[in-house]
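Each chain, written out:
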Amino acid sequence: MLRPDIGTPASYTFPKPRRITVGGGTVVAIDVPGQRLASLRLVHPYGGAVEPLDAMGVSSLTSEVLEDGPAGNSSLAPALERHGAEWVSRVNWDGFITGLDAPANRLGEAVRLFADAVRRPALAPDDIVRRRDQLLERFWLEAASASTLAMRSLGGQLFTGRYATPLAGGPVRLAEVEPETVAAFHADSIASVAGTLVVVGDLSGVDLEDLGKTVFGDAAATPVREVAAPAPPPGELPRVLIVDRPGSVQSALVIAHRAPSRSQVDLPRAEGISEVLGGLFTSRLNMELRERLGYTYGAGSRFDLRRDSGVFFATTQVEADTTAHSITASLEQIAKLRSSGVTAEELASVRDSNTVGLPVSYSTARAMASALVDMVVHDLPDDYVDRHRAGYEALTEDKLNSAAEEYLHPEEAVVVVVGDAERLSGPLADIGAGPVEVRSPESLWS
Amino acid sequence: MTTIGAAGRVGQYTLDNGLRLVTAPASTGQVASVNLWYGVGSRHEVPGRTGFAHLFEHLMFQGSGNVAKGEHFEEVERLGGDINASTSTDRTNYYETVPEHALDRVLWLEADRLETLRDGMTQEVLDNQRDVVKNERRQRYDNQPYGTALERILRLAYPEGHPYHHPTIGSMADLDDADLDYVKSFHKAHYGPDNCVLTVVSDLDPEDVLARVEKYFGHLPARDFVPEAPDASLPEPLGGPVRDAVTETVPAAGVFLGYRVAAYGEREFDVMHLASAVLGQGQGSRLYRSLVVDRPIAADDGGGAADILPFRYTDSLLLVNMLAREGVSGDVLEEAMREEIAKLAAGITEEELDRARAVLERDHLQSISSPSGLADSIGSCTQLFGDPELAYTWPERWTDITAEEVRAAAERLMVDDNLLVVRFDPETAGADAAPAS
């Protein structure tokens, strides 16, 4: 049977959110009739990037401690669980985000618990110390996974200052965060600051104004955050860092370099070129390392763009014996993209997937809430998704080719390899990716 | 056959070749989620041929009679769609969510590989994907701390030769032995329209969806013969406690406990699902309160210590897993977990039961809140139980289960002679850590 034509896509417009100002805060909401599970998110503009250097990890620790609730002793989650609600709390470099996923018809009860948890937590010193010690131990539990260790090693290779230490403060600096530091951070940055409340789901019967009053109370308006670029990276570039993990049957690889900040980047061009290289299953890195060479289960790349800076990275996991060739093969793919540019098919693939694919991207309340959170954190307009789509529709081969030149810089990369140093050091010294340094995981953070 | 579900949400059809189609509405517009559940999983594998059902999941994306290697992925990604596949003991499923206008193309791609996959299969493709799968095994099992836990658990839980004795990834040796003829015969034996449930979640009229599915799948013949699945009965009780003790480079002692419980779909399974939630799901669960917050000797898992592996055709497994805090030995943690589990037999409160129901219901709602999750749940309920409506009504199964029922089942099942233990202890144990007894 002949392959059927793909029809004409329906035009897609991201739902226009409803905005209401309540007290010092703003509610931003999208009604999705029939979506019984609502996503609610409260955004404060205090991520890891603005933490003082003597309190690194305080926002992550505070985020954890909120789960102890107004009564302390891990009381929040059980209380919410009885309402079928799931507590959401996470910190990234640019935002402190708390929230709930809850049945829309039980939102009112759950949100009262939520507001108390965010504005009036117990912050008992015993709870804080217990959570801090658990976070410190969890750091090493998670870092026992090679790919996690590789990603956590990147900051110290690309930045000085705050970004050199992992988001949650790392195994050394977090230990110095005391209960009173957490209490002060919470009082200044969370309790007394209204933030922005995002709500997505079936909102028939939900009084948004009432929701806003409950969550914002008499908290002050959210201040505008100042942005300053972080310090440049230390050391010679390019270079290779081997983080020794003796006996590893695979190596976790990350090829990474610095990138401009989110507002400085032309996003459709930058993300577009990253998709051609490694953002899709059919991208060049995956096709070469997985589908042609059979070296790996998967390879990819992407940008991590923050308000004041950015990182580009490509990742994969391969056997020790194919590690060196996997790096050179990846660098060759980047070089080829820069010298020869993209194909018409690649352009079409990137353009189409980011335009006609939008109904798929936003087919859940969570995904829409996540887009709204992103818009709040990065000060983007309500029609941002549509503008972004227009940027992709206007892409050309020339625009992607110039993006490869502008945003991909393997000559400034640090290659982090987490694996068996004894087997890797020799081969990696010969690949021309710069000097090779071997470190133990324990020595990476101070 | 055509039926429309009582709530008007679900349409059910069976094509002449045996393919079952289910349609359901999406909660957001302009998308179509397509999900194919084939009734073949690792339980159909025989000793010496493990890993084939999963290897197939890979080969299905490597080209067919009219589709080049990688082209299936490319087509869907170009539409901004989501695409993947997964293999379990009981089934292999393939799924795509695409903008609605592309539904015909996806149905055609799926029908083409069902009909002509064997035409596109070459030794080169097989060799490449075998390498990929071996690297998947290294990444997920062999290079991951505690990565071999599931493999060890299944080995203890089900006897040698039993179809649930091995994990879906299979063994390296069996993957090495895969040959092209066997691969082709596996496809012929299991991939027929009569062994498939096709679910489409979209805003389209169900009759319209049916017409399209008829167009692309209607002419495909059912299988000549239906292979018999290996016998999954369990004549003997577990005879526990049975143990596997591992000493290797893990960051902390890890304790994995398992109990055989009823097959997925039986009432006892639902009762034990509630027991697992009381015990170890959520921060209000007993293990979290007792071993993470109060004592505290276990690493903070956020309230994810217990769950059930749902097996339809043999006993399921209730699993409990925790990692030790620094300076806490595996023995101390294991003893504490077993003590806490034993307390279930003394009874649970109504409040605990309500919380457990709420936690499980929330998880269920979460899983069907996306069009792809809903399609998957419908495919599961149709393939395993012949009832797609269960995807919507599953939480009702918990409403009439009583606290006494949970207590009594725990007293009967969560006992030492139904217990398996897999213990990981670090090579360089702390001063107070003792070797496994």
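Residues numbered from 1 in each chain as written. Chains lettered and ligands numbered in written order. Predicted model: local features only at pLDDT ≥ 70, side-chain atom pairs only at ≥ 80, totals over all residues. Heavy atoms only, no water.

Caption draft 1: Geometry of the overall build of chain B. Of regular secondary structure, chain B possesses 15 helices and 12 strands. Its C-alpha atoms give chain B principal-axis dimensions of about 65 × 50 × 40 Å. Out of the 437 residues in chain B, the part that is buried amounts to 62%. Across chain B, contacts joining residues at least 24 apart in sequence account for 80% of those joining residues at least 6 apart. With the model as given, the accessible surface of chain B reaches about 15400 Å², and the carbon-plus-sulfur share is 48%. (Helix = DSSP H or I, 4+ residues; strand = E, 2+ residues; numbered from the N terminus. Buried < 20%, exposed > 50% of the residue type's maximum accessible area, 1.4 Å probe, protein only. Contact = heavy atoms within 4.5 Å. Areas by Shrake-Rupley, 256 points an atom, 1.4 Å probe, with all protein chains shown as cover.)

Caption draft 2: Here's a closer look at the overall build of chain A. Per the secondary structure count, chain A includes 17 helices and 12 strands. Radius of gyration (C-alpha) of chain A: 23 Å, near the 22 Å computed for a compact globule of 446 residues. In terms of overall dimensions, chain A has a C-alpha envelope of 60 × 60 × 40 Å along the principal axes. Considering only intrachain contacts with a sequence separation of at least 6, the fraction spanning at least 24 residues in chain A is 82%. For chain A, the accessible surface area stands at approximately 16600 Å², while carbon and sulfur atoms represent 50% of it. (Rg over C-alpha atoms; globule rule 2.2 N^0.38 Å.)

Caption draft 3: Examining the state of the cysteines more closely. Residue and element names in this part refer to chain B. With the rule as written, the count across this model stands at 0 disulfides over all chains. With no disulfide of its own, Cys 196 lies closest to Cys 381 among cysteine sulfurs, the gap being 16 Å. Overall, Cys 196 belongs to the buried group, its relative accessible area being 0%. Judged by relative accessible area, which is 3%, Cys 381 ranks as buried. (Disulfide = S-S within 2.5 Å.)

Caption draft 4: Layout of the domain arrangement of chain B. Residues and elements named next belong to chain B. For chain B, the assigned domains read domain 1 (11-218) and domain 2 (242-426). Computed over C-alpha atoms only, the centres of domain 1 and domain 2 are separated by 28 Å. Across the domain 1/domain 2 interface, buried area totals approximately 3100 Å², and carbon plus sulfur atoms make up 67% of it. When the buried surface of domain 1 facing domain 2 is broken down by residue, Trp 37, Tyr 146 and Leu 156 rank first, second and third, together holding 25% of it. In this assembly, domain 1 and domain 2 are joined by 1 salt bridge. Across the pair Asp 244 and Arg 152 runs a salt bridge whose closest N-O atoms are separated by 3.1 Å. In this structure, the connection of domain 1 to domain 2 is made through 13 residue pairs in polar contact (both at pLDDT 80 or more). (Domains from an automatic or database assignment. Buried area = accessible area lost by both parts, 1.4 Å probe. Salt bridge = Lys/Arg side-chain N within 4 Å of Asp/Glu carboxyl O. Polar contact = N/O pair within 3.5 Å; in protein donor to acceptor, adjacent residues only side chain to side chain.)

Caption draft 5: Main features of the pattern of salt bridges. Within the structure shown, the criterion is met by 68 salt bridges over all chains. A salt bridge links Glu 81 of chain A to Arg 355 of chain B, with the nearest nitrogen and oxygen atoms 2.5 Å apart. Placement of the pair is Glu 81 of chain A in helix 2 (residues 76-81) and Arg 355 of chain B in helix 12 (residues 350-367), with the two residues belonging to separate chains. Judged by its relative accessible area of 5%, Glu 81 of chain A is buried. A residue is classified by how much of its surface remains accessible, and Arg 355 of chain B, at 4% relative accessible area, is buried. Ionic contacts of the salt-bridge type, sharing partners, join the residues Glu 64, Asp 68, Asp 127, Arg 130, Arg 131 and Arg 138 of chain A together with Asp 300 of chain B into one network.

Caption draft 6: The sheet that holds strand 4 (residues 86-91) of chain A, seen in detail. Residue and element names in this part refer to chain A. Across the sheet, 6 strands lie side by side as 1-2-6-3-5-4; this open sheet has mixed pairing. Every other strand in the sheet has two partners, leaving strand 1 (18-22) and strand 4 as the edge strands with one partner each. Sheet twist, expressed as the average angle between the axes of neighbouring strands with direction ignored, equals 15°. In the sheet, strand 2 (residues 25-31) pairs with strand 6 (residues 196-201) via 6 bridges, with the strands oriented parallel. Within strand 6, the position partnered with Ile 30 by the bridge is Val 200. (Pairing = 2+ DSSP bridges. Axes fitted to C-alpha atoms, helices over the stretch in contact; angles between N-to-C directions.)

Caption draft 7: Region of the structure containing the packing of aromatic side chains. Applying the stated criterion across every chain, the model contains 31 aromatic pairs over all chains. Relative to Phe 73 of chain B, the ring of Phe 281 of chain A has its centre 3.7 Å away and its plane inclined at 15°; by these criteria the two rings are stacked. One end of the pair, Phe 281 of chain A, is in the loop between helix 9 (267-279) and helix 10 (284-292); the other, Phe 73 of chain B, is in helix 2 (residues 71-78), on a second chain. The class for Phe 73 of chain B is buried, based on a relative accessible area of 6%. On the basis of an interplanar angle of 40° and a centroid distance of 5.8 Å, the ring pair of Phe 385 of chain B and Trp 394 of chain B is categorised as tilted. Among the aromatic residues, those joined into a cluster by ring pairs are Phe 281 of chain A together with Tyr 38, Phe 52, Phe 56, Phe 61, Phe 73, Tyr 94, Tyr 182, Phe 186 and Tyr 191 of chain B. Arg 312 of chain B extends its terminal NZ or CZ atom over the ring of Tyr 313 of chain B, reaching a point 6.0 Å from the ring centre. (Phe/Tyr/Trp six-rings, centres within 6.5 Å; stacked < 30°, edge-to-face > 60°. Lys NZ or Arg CZ within 6 Å of the ring centre and 35° of its normal.)

Caption draft 8: Spotlight on the interface of chain A and chain B. Contact with chain A, which involves 73 residues of that partner, is made by 72 residues of chain B. Regarding the contact of chain A and chain B, the summed buried area is about 6200 Å², with carbon and sulfur atoms giving 52% of it. Among the residues chain A hides against chain B, the three largest losses belong to Met 1, Arg 3 and Tyr 297 of chain A. Together they make up 13% of the total. Between chain A and chain B we count 10 salt bridges in total. With a closest N to O distance of 3.0 Å, Glu 137 of chain A and Arg 325 of chain B form a salt bridge. At the junction of chain A with chain B, the criterion picks out 42 residue pairs in polar contact (both at pLDDT 80 or more). For the side of chain A that touches chain B, the class distribution of residues is 30 nonpolar, 22 polar and 21 charged. (Nonpolar A, V, L, I, M, F, W, Y, C, P; charged D, E, K, R; others polar.)

Caption draft 9: Molecular detail of the side chain of Arg 407 of chain B. All names here are of chain B. Relative to the assigned elements, Arg 407 resides in helix 15 (residues 403-413). We classify Arg 407 as buried; its relative accessible area is 17%. A polar contact is formed between the side chain of Arg 407 and the side chain of Glu 404, at a distance of 2.9 Å. Discounting residues that sit within four places of it in the chain, Arg 407 has contacts with Leu 344, Ala 345, Ala 346 and Gly 347.

Caption draft 10: Quick peek at the sheet that holds strand 8 (residues 250-259) of chain A. All names here are of chain A. Read from one edge to the other, the open sheet built from 6 strands follows the order 9-10-8-11-7-12, with strand pairing classed as mixed. Pairing within the sheet leaves two strands with one partner each, and these edge strands are strand 9 (296-305) and strand 12 (436-439). Going across the sheet, the axis of each strand differs from the next one's by a mean of 15°, ignoring polarity. Where helix 11 (residues 323-340) meets the sheet, its contacts fall on strand 8, strand 10 (310-319) and strand 11 (414-419), and the angle it forms with strand 8 comes to roughly 30°. Packed onto the sheet, helix 17 (residues 421-429) meets strand 7 (239-244), strand 8, strand 11 and strand 12 and runs at close to 170° relative to strand 7.

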